[in-house]
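Structural overview for review
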Amino acid sequence: MRAHGLLWASMVVVAFTGCASSTGSGDSSSSGKCSNGHASGTASPGTSATTTSTTSAGATSAGATSGATFAGATTGATAGVATGSGTGTSATTGGVTSATNGGGFTGATGGYTGTTGATAGVSGSATGTSGFSGTTGVTSTSGSTGTSAATTASSTTTGTTSTSTSTSTSTTTTTGTTGTTTGTTGTTGSQPPPAPDLLTSGAWNDNLNFAWYLGYLSGPDTATLAGLPLIPRSDRLEVHVVDANGAGLGGATVTLFDGAIPLFNTVTGASGVAYLFPSWSGASVGDAITINATANGQSSSVTAHAGDASAQVQLATTSALPQALDVAFVIDTTGSMGDELSYIAVEISTISARIAAHYPNVSQRWALVLYRDDDCGDEYELRTFDFSDLNTFQGEISNQSAGAGGDYEEEPEKGLAAATQLSWRQGNVARMVFHIADAPGHIGNENGLVSAIEGNARAGVKIFPVAASGLDARGEYAMRTEAEVTGGSYLFLTDDSHVGNSHEIPHIFCYVVTHLSNALVRMVSMELEGKRIDPDPSDIIRFVGNPDASNQCSLSDGTTVVML
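Everything numeric here is computed off the predicted structure, so don't read it as measured data.

1. Here's the deal with the overall build of the protein
Looking only at helices and strands, the protein features nine helices and 34 strands. Contacts spanning at least 24 positions in sequence make up 76% of the contacts within the protein whose residues lie at least 6 apart. Split by element, the accessible area of the protein, about 21500 Å² in all, is 51% carbon and sulfur.

2. Let's talk about the state of the cysteines
Taken as a whole and judged by the stated rule, the model has one disulfide. The disulfide bridge from Cys510 ends at Cys553, spanning 2.0 Å between sulfur atoms. Around the S-S axis, the bridge from Cys510 to Cys553 shows a dihedral of about 70 degrees and counts as right-handed. Of this pair, Cys510 sits in the loop between strand S30 (490-493) and strand S31 (511-515) while Cys553 sits in strand S33 (residues 552-554), and the two are 43 residues apart along the sequence. Its relative accessible area of 0% is what places Cys553 among the buried residues.

3. Side note on the pairing of strand S28 (residues 430-437)
Most of S28 sits out of view: eight of its eight residues are buried. Residues Ala430, Met432, Phe434 and Ile436 line one face of S28 and the alternating positions Arg431, Val433, His435 and Ala437 line the opposite face, and both faces are buried. Both S28 and strand S29 (residues 462-467) contribute to a ladder of six bridges, which runs parallel. Looking across to S29, one finds that Met432 is bridged to Lys462. After leaving S28, the chain enters helix H7 (residues 446-458) and then returns to the sheet as S29, a path that is right-handed.

4. What to know about the layout of surface pockets
Empty space within the largest pocket amounts to approximately 440 Å³. What lines the largest pocket is a set of 20 residues, and nearest its centre among them are Asn205, Leu208, Ser271, Lys462 and Glu527. Going through the elements one at a time, strand S21 (273-276), S29 and helix H9 (516-529) are the ones with two or more residues in the lining of the largest pocket. Among the elements that line the lining of the largest pocket, the one with the most residues is H9, at three residues. For the lining of the largest pocket, the class distribution of residues is eight nonpolar, seven polar and five charged.

5. Details of the packing of aromatic side chains
Following the criterion strictly, the structure yields 14 aromatic pairs and no others. Relative to Trp280, the ring of Phe277 lies with its centre 6.1 Å away and its plane at 70 degrees, an arrangement referred to as edge-to-face. Grouping aromatic residues by their ring pairs yields a cluster made of Phe329, Trp366, Phe393, Phe434 and Phe464. Directly above the ring of Phe210 sits Arg236, whose terminal nitrogen or CZ lies 4.0 Å from the centroid. Taking NZ or CZ as reference, Arg480 lies 3.9 Å from the ring centre of Tyr216, over its face.

Thresholds, definitions, all that
Residues numbered from 1 in each chain as written. Predicted model: local features only at pLDDT ≥ 70, side-chain atom pairs only at ≥ 80, totals over all residues. Heavy atoms only, no water. Helix = DSSP H or I, 4+ residues; strand = E, 2+ residues; numbered from the N terminus. Contact = heavy atoms within 4.5 Å. Areas by Shrake-Rupley, 256 points an atom, 1.4 Å probe, with all protein chains shown as cover. Disulfide = S-S within 2.5 Å. Buried < 20%, exposed > 50% of the residue type's maximum accessible area, 1.4 Å probe, protein only. Pairing = 2+ DSSP bridges. Right-handed = clockwise from strand over helix to strand, strands pointing away. 1 Å grid on protein atoms, 1.4 Å probe; cavity = no way out; pocket = protein on both sides within 12 Å on 5 of 7 lines; lining within 4 Å. Points joined across faces, edges and corners; volume = space filled by probe spheres on them. Nonpolar A, V, L, I, M, F, W, Y, C, P; charged D, E, K, R; others polar. Phe/Tyr/Trp six-rings, centres within 6.5 Å; stacked < 30°, edge-to-face > 60°. Lys NZ or Arg CZ within 6 Å of the ring centre and 35° of its normal.

As structure tokens, this is what we get:
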């Protein structure tokens, strides 16, 4: 996993009159396959400074010190105050500088502390303080004024030059040493602490815009991408299972047959809809296929053809909304997720509590799957917490942190495959996975992702990916595939929150930006109620694509798409 962003802290301290000048800077970057996600700072050697003081014989010159304190507006570091004194019979240059870079940094994946070496003249001393600054403000403290006492001469120090009548001259040159310190995780001064309702997101459903989606799958934005989870979808078959009254029937098992051979099975959501992909399952376009639906002890079949757009199966039973909810969060916890994971953990706790309060009569269980790379010596490759109650789940998510990784790609296929092994309840249950990640899988592992998607679809588990900062075009393609095949929706974080690193703009042109917490609650509500639920107007931050009153956008190519 790459480590997002360059964590940078820089400080310059210049001490005037009788002081050495030291410039310290430090930066950290993470490279290589398996960086640990922490930032290290290295301070550059202080620049040499030469100070000349002229005094009369036997004079004592206390070198004036001009200490400067800078509250770094962008680095969040405070320079140490320069202090020092010097005594000499001919001439002595006193005064030192010290600079400590510490405290704030401009990334969030690792703390940073870099220390420049102190430079000192004779009898000099150096003190430096570290601190955290906000985003604005500079404080400057003027240096002390040097004084001199001599039997034959006097001197005046202005804070810029220390000079007295002299018969001898002495020059002292000092150079700061290099200091290196590795810090632990910190926070960025320009970002708020984790709290509910900070992250923002858009949402999109490719099954609502399937014709347009097929153009995206084969379009120029994806044609040159390698490592895609390729699933034939041009012959998608939308199956509607309805009850005796024509209402959507959730929890029905739908099986695709080629003659007597079962090819694929899945489960309808509360709306009664399921998606089949005959050519992916082994049928050829035009083949006669049989679709069977079973629920509440009733069973019925219809005949269709591979390539048909839709089919309906009616059962002699009565539909009911699900009274049980199983939600699993599958999260990439490698180092690059550090800029947003702490915020996501708070959001998830808030989301689960809101759903529990909004649907008190629905039996709710929560599970957690965490994944990292397997070739970086990580603390773990896969960590699974099976379904539990709300309090247990919130305790589990609050204890997690991001770390390790090294390269960009990760192993989402293992996280999603692990989700299929959770103890999902059967029957009329809303089953959902929220997959949160900022990177696609390794090229060469795409078949593993296809298998994991198929496993979730067969179990009737809908995947709702949440794209975090830095997800590229290949990752978007993969996540949208997870959502479309399983009947979920694609969510993506936006820059409106000003949290984390920059978020890629998706290849989507009609959506509304709301708070992530409310978007996820809306996804759950639609699965429990089996119908479209629009965002609360008070939660709308902005629109993209100028949707009309019917939630439709007319694109520049003449296509009309539907906003989720």
